[in-house]
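# Structural overview
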Amino acid sequence: MIAEETLVQELKQKESQAKAFEVLVNTYKERLYWHIRRIVLNHDDADDVLQNTFIKVYRNIDGFKGDSKLYSWMYRIATNESLTFLKQKSRKAGISDEELKMSLVENLQSDVYFEGDEIQLKLQRALATLPDKQKLVFNMKYFQNMKYDEISAALETSVGALKTSYHLAVKKIEAYLKAD
Amino acid sequence: MGKDKKNKFKTPEGYFENFHDRLMDKIHSEENPQSESLIPKSDGFAVPEAYFEDITPALIAKIEAKDTKVISINSYKKYYYSIAAVAAVLLLFFGLTWNSNSEITFDDLASSEIDAYLESTEFSLSSYEIAEVVADENLELFDMLDNTLGEENIMEYLDENVEDFEDLNLDYDDYE
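I will try to describe carefully the structure that is included in this document. Note that the structure is predicted; figures quoted are calculated from it, not measured.

## Structural notes on the overall build of chain A
- The helix and strand tally for chain A stands at nine helices and zero strands.
- Helices (α) and strands (β) of chain A occur, in sequence order from the N terminus, as α-α-α-α-α-α-α-α-α.
- Put simply, chain A has 180 residues, and 51% of those count as buried.
- When the accessible surface of chain A is split by element, carbon and sulfur atoms take 49% of a total near 8900 Å².

Shown next as structure tokens:
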């Protein structure tokens, strides 16, 4: 795997840009896709947001100063893009963010790219009741197996606060799943 | 002193043989709480076949297409505000000074055309997207406004457009 700093340098230079972009996409597409998908839930929306995220990364690479790691910068862009996407979607539909989240979960039942059964649907309903931060931390830790310091860099939150958020999220989800 | 003779306790058959395995399982489950949890290990999301193979060429094509178009889009955005400003000034100027008996001139036509164009064309830009292309570091609100907004207008706008007042991030202490 190519070193991150080299990749950033190549992305900034016109002649190596295209090739470096291909490497970047191939390295991060799956991770970012699953991160986005777990926020927006629907595959087509996740595809749109993923493409916008990569285009934004490509357009703004000159502004990337290297103070943080490339992947955490990309996760931040992906997170912001996903949350903004949901806000715009609820605004267009004229419903509240909470109503939108619930309707997204209910739409999963007829989604051909959702293979979950009743328990997975219930999990999504539980996740929809959580504050954004708790939901993000839970998905990143539980399903994406990210380390706390990686999540901390991506969400710009301290490890201590993340652990608390994760613990709270697990407790709330378990309580939701136990209840009928 | 036979240890076995003294010991009256019995263990199930094979207890000591698989003790190590069971101990390791327990340690593993305590280190990975999700393996014991009610929460399912998979969340059931799937992707279309070959999605991850197809996304790379699709993205590269998109970047290349945008690269060729980027000049026109950017310059268009850059001039959008200038054109709107010029149109507004022309409209104001001719509105105030133009004799209504006069024939329609090119200038008059142009501003009304521009107005109609701006009104009828779907820019498909949300206010967020517009905000993204406008550099706001050195921009003050009053650079864009000739007239100060009346308090009534502001309240009316907020009343119609803001659902949740927490969105405004008001510091309530300032208003007490």
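## Comments concerning helix 3 (residues 43–60) of chain A
- Between its terminal C-alpha atoms helix 3 of chain A stretches 25 Å, which fits the 26 Å expected from 18 residues at 1.5 Å a residue.
- When helix 3 of chain A is considered as a whole, its buried residues turn out to be His 43, Asp 45, Ala 46, Asp 47, Val 49, Leu 50, Gln 51, Thr 53, Phe 54, Ile 55, Val 57 and Tyr 58 of chain A.

## Things to note about the interface of chain A and chain B
- At the interface, 41 residues of chain A touch 27 residues of chain B.
- Summing the contributions of chain A and of chain B, the shared interface buries around 3400 Å²; its carbon and sulfur component is 65%.
- At the boundary of chain A with chain B, the tally comes to one salt bridge.
- Asp 43 of chain B is the salt-bridge partner of Arg 38 of chain A, the closest N and O atoms lying 2.6 Å from each other.
- Broken down by element, the side of chain A that touches chain B gets its largest block of residues, 10 residues, from helix 2 (residues 14–40) of chain A.
- Here the side of chain A that touches chain B is composed, by residue class, of 20 nonpolar, eight polar and 13 charged.

## Here's the deal with the pattern of salt bridges
Residue and element names in this part refer to chain A.
- Taken as a whole and judged by the stated rule, the model has nine salt bridges over all chains.
- For Asp 97, the salt bridge identified is with Lys 87, shortest N-O distance 3.0 Å. In this pair, Asp 97 sits in helix 5 (residues 97–107) while Lys 87 sits in helix 4 (residues 70–93), placing the two residues 10 residues apart along the sequence.
- Judged by relative accessible area, which is 27%, Asp 97 ranks as partly exposed.
- Where Lys 101 meets Asp 132, a salt bridge forms, and the shortest distance between an N and an O atom there is 2.9 Å.

## Examining unusual backbone geometry
- Phi is positive for Glu 156 of chain A, which is not a glycine, with a value near 50°.
- Relative to the elements of secondary structure, Glu 156 of chain A occurs in the loop between helix 8 (148–155) and helix 9 (159–178).
- Assessed through its relative accessible area of 62%, Glu 156 of chain A is described here as exposed.
- Of note, the phi angle at Ala 50 of chain B is positive, near 60°, even though the residue is not glycine.

## So, the packing of helix 2 of chain A against helix 3 of chain A
All names here are of chain A.
- One way to put it is that helix 2 packs onto helix 3 with a least axis distance of 9 Å and a crossing angle of 140°. Taken together, the axis directions place helix 2 and helix 3 in an arrangement best described as oblique. Considering only the axes of helix 2 and helix 3, their crossing is right-handed. Contacts from Gln 17, Phe 21, Leu 24, Val 25, Tyr 28, Lys 29, Leu 32, Tyr 33, Ile 36, Arg 37 and Val 40 of helix 2 reach helix 3 at His 43, Asp 45, Ala 46, Asp 47, Val 49, Leu 50, Thr 53, Phe 54, Val 57 and Tyr 58.
- By residue class, the composition of the contact of helix 2 with helix 3 is 14 nonpolar, three polar and four charged.

## Remarks on the environment of Gln 9 of chain A
- Among the secondary structure elements, Gln 9 of chain A is positioned in helix 1 (residues 4–12).
- Each C-alpha atom of the pair Gln 9 of chain A and Ala 20 of chain A lies 9.0 Å from the other, and the pair is 11 residues apart in sequence.

## Section: the nonpolar core
- Counting 69 residues, the largest nonpolar core has Phe 21, Leu 24, Phe 54, Leu 70, Met 74, Phe 138 and Ile 173 of chain A as its most contacted members.
- Broken down by element, this core gets its largest block of residues, 11 residues, from helix 2 of chain A.
- Taken together, domain 1 (1–95) and domain 2 (116–180) of chain A each give at least three residues to this core, which thus spans both.
- In contact with Phe 138 of chain A, other than residues within four places in its own chain, are Leu 127, Phe 143, Tyr 166, Ala 169, Val 170 and Ile 173 of chain A together with Ile 39 of chain B.

## Looking at helix 4 of chain A
- Compared with the 34 Å implied by 1.5 Å per residue over 24 residues, the 34 Å span of helix 4 of chain A between its first and last C-alpha is a close match.
- Looking one or two residues beyond helix 4 of chain A, the residue adopting positive phi is Gly 94 of chain A, at roughly 70°.

## Digging into the side chain of Lys 135 of chain A
- Position of Lys 135 of chain A among the secondary structure elements: in helix 7 (residues 132–143).
- There is no salt bridge for the buried Lys 135 of chain A, and the closest opposite charge comes from Asp 132 of chain A, which lies 6.3 Å off by N-O distance.

## Side note on the packing of aromatic side chains
- In this structure the tally under the stated criterion is 17 aromatic pairs over all chains.
- Ring plane angle 90° and centroid distance 6.3 Å describe the contact between Phe 21 of chain A and Phe 54 of chain A, whose orientation is recorded as edge-to-face. Residue Phe 21 of chain A is located in helix 2, and its partner Phe 54 of chain A is located in helix 3; the two are separated by 33 residues in the primary sequence.
- Pairing Trp 34 of chain A with Phe 52 of chain B gives two aromatic rings, centres 6.4 Å apart and planes at 55°, and the pair type is tilted. Residue Trp 34 of chain A is found in helix 2, and its partner Phe 52 of chain B is found in helix 3 (residues 51–97); the two belong to separate chains. Phe 52 of chain B matches Trp 34 of chain A in its accessibility class, with the two residues each being buried.

Definitions and cut-offs
Residues numbered from 1 in each chain as written. Chains lettered and ligands numbered in written order. Predicted model: local features only at pLDDT ≥ 70, side-chain atom pairs only at ≥ 80, totals over all residues. Heavy atoms only, no water. Helix = DSSP H or I, 4+ residues; strand = E, 2+ residues; numbered from the N terminus. Buried < 20%, exposed > 50% of the residue type's maximum accessible area, 1.4 Å probe, protein only. Areas by Shrake-Rupley, 256 points an atom, 1.4 Å probe, with all protein chains shown as cover. Expected span 1.5 Å × (residues − 1). Contact = heavy atoms within 4.5 Å. Buried area = accessible area lost by both parts, 1.4 Å probe. Salt bridge = Lys/Arg side-chain N within 4 Å of Asp/Glu carboxyl O. Nonpolar A, V, L, I, M, F, W, Y, C, P; charged D, E, K, R; others polar. Axes fitted to C-alpha atoms, helices over the stretch in contact; angles between N-to-C directions. Parallel < 35°, antiparallel > 145°, perpendicular 65-115°, else oblique. Left-handed = near helix turned anticlockwise from the far one by under 90°. Core = buried A, V, L, I, M, F, W, Y, C linked by side-chain atoms within 4.5 Å. Domains from an automatic or database assignment. Lys, Arg positive; Asp, Glu negative; His and termini not counted. Phe/Tyr/Trp six-rings, centres within 6.5 Å; stacked < 30°, edge-to-face > 60°.

Such coordinate-based values are descriptive only and should not be taken to indicate function.
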